[in-house]
Amino acid sequence: MASTPLRPEDERLPFGQLLVYGTQHILTMYGGLIAPPLIVGAAAGLSAPDIGLLITAGIFISGLATLLQSLGLGPFGARLPIVQGISFASVSTMVSIASRDGVRPVFGAILVAGVIGVILSSFFAHLVRLFPPVVTGTIITVIGISLLPVSFDWALGGVGAKGYGDPGNIALAGLTLLVILVISRLFQGFVSRLSILIGMIAGTLVAIPWGKADFGAVGHGPVVSLPPVFGLGTPVFDAGAIVAMTIVVLVIMTETMADLIAIGQIVDTPVDHKRVADGLRADMLSTTVAPVFGAFPASAFAQNVGLVAITGIKSRFAVAAGGGVLVLLGLVPLFGRVVAAIPAPVLGGAGIVLFGSVAASGIRTLSRVEYADNLNLVVVAVSLGMGMVPIARPHFWDKFPSGVAVVLDSGISAAAVTAVLLNLFFNRWRALLKDKPSVFAAAPDERGTPLPEA
């Protein structure tokens, strides 16, 4: 008779169940996993085969990161059912860098920022006070808003593509979006969570006879191969890009810490300071190694935390099985080339849901912030405004020194710097705290009591 595991996450299931549950985790997060390399690769002007390399490298690194986080290796890994994937939080900053100078400065910035993250992991509990909900909610909202224009360009056919703006492209994006919405409404549970993937498949199938899908480059290149080391060039180290990416890494660490604590509560297992540090250390080690293989920063995927809560499958070995599936997929460049050939309008329809969901997640975080008798409203207002500058006026910072421009030309970096500084200025600097609120503080409700937290 098998002994009862000491912790819920240590439960061992039959191999078949582990594979099924692990694959379910991968299907849940797959749409979000492949989007960042598609976005950054397009911004850098890479060819379809090179974007395919970005995709397979990202899948490969995500698999290794998931294995490290769930199984652990010495001081690396929280040993919790946490799925790791390419972070959305870094996309806006990477697009800003890549659109100027290509992907090599992106890889250099990730490498340095990842090392900084590893060093800070043990001390990050002391730094996390710089990122309360009023800051993280603002940043996450800006991430989603800054990515939405990308989906609009995709819906038009992709910048520079023949037929850009053709109504047929918009119709294809609309059809993809419609399929996603219908699947989400009519189905529940597992099928509903595959709505993005189903919508993209349906849109692509419609695009083929329509003449809007080109899979000609899929057959060029190896079918099975280890992601090449520095296959897209050696890293270039730019100071401004490194500063911007380091800010992003701090945001990623904040999100991962929140996911680690959340999964501990769901699984009903203790998550202390040491376990959080081990989880952050694994997160940042994966991020540091990622550019070596041509991938981007890895972080915990919040949607998979929700999946653990819904399914009740708490075993970290089920997640590890999913990580193994990702590693195998990452060894098949053919698969990455197929994904890279998905028509841009199809990605545009899916992107509206994906990126809009990120913004909605930030708004949900902001809804829990207390606004009465303080200046949090000003923190959010000004930070959102600064984050919107490069989105609304892309050339706003062009005349500034390159280091300043790289940091402020990313909505997420501009919003993060502004939100952190304003939060310190209004909420932490004791000398300036007043008993009576500013005229900009949220007013009480009609009964004279402060507005409650949502």
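- Per an unreviewed UniProt entry, the protein chain goes by the name Xanthine permease and belongs to Kribbella solani.
- You can read under Subcellular location (unreviewed entry) in the UniProt record for the protein chain the words "Cell membrane".
- In its Sequence similarities (unreviewed entry) section, the UniProt record describing the protein chain reads: "Belongs to the nucleobase:cation symporter-2 (NCS2) (TC 2.A.40) family."

1. Details of a nonpolar patch on the surface
- Taken together, the side chains of Leu175, Leu178, Val182, Leu186, Phe187, Val191, Val206 and Trp210 define a hydrophobic patch exposed on the protein surface, amounting to about 670 Å² of accessible area.
- Counting only elements with at least two residues in the nonpolar patch, the list comes to α7 (167-186) and α9 (195-210).
- Looking at the nonpolar patch element by element, the count peaks at four residues for α7.
- Relative to the elements of secondary structure, Leu178 occurs in helix α7.

2. Some words on the nonpolar core
- With 101 residues, the main nonpolar core has Phe296 and Phe355 as its most contacted residues.
- At 15 residues, the largest contribution of residues to this core is made by helix α10 (residues 239-267).
- Here Phe355 is in contact with Ile39, Phe88, Gly144, Leu147, Leu148, Val150, Ser151 and Trp154, once residues within four sequence places are set aside.

3. Some thoughts on the pattern of salt bridges
- For the structure on display, the rule yields seven salt bridges.
- Between Arg7 and Glu9 there is a salt bridge; the shortest N-O distance is 3.3 Å.
- Arg275 serves as the salt-bridge partner of Glu9, at 2.7 Å between the closest nitrogen and oxygen. Within this pair, whereas Glu9 is found in the segment before α1 (15-43), its partner Arg275 is found in helix α11 (residues 273-289), the two being separated by 266 residues in sequence. Grouping residues by exposure puts Glu9 and Arg275 together as buried.

Definitions and limits used
Residues numbered from 1 in each chain as written. Predicted model: local features only at pLDDT ≥ 70, side-chain atom pairs only at ≥ 80, totals over all residues. Heavy atoms only, no water. UniProt positions renumbered as here; feature names shortened; annotations may be inferred. Patch = residues over 30% accessible without salt bridge, like charges linked within 9 Å, V, L, I, M, F, W, Y side chains within 5 Å. Areas by Shrake-Rupley, 256 points an atom, 1.4 Å probe, with all protein chains shown as cover. Salt bridge = Lys/Arg side-chain N within 4 Å of Asp/Glu carboxyl O. Helix = DSSP H or I, 4+ residues; strand = E, 2+ residues; numbered from the N terminus. Core = buried A, V, L, I, M, F, W, Y, C linked by side-chain atoms within 4.5 Å. Buried < 20%, exposed > 50% of the residue type's maximum accessible area, 1.4 Å probe, protein only. Contact = heavy atoms within 4.5 Å.

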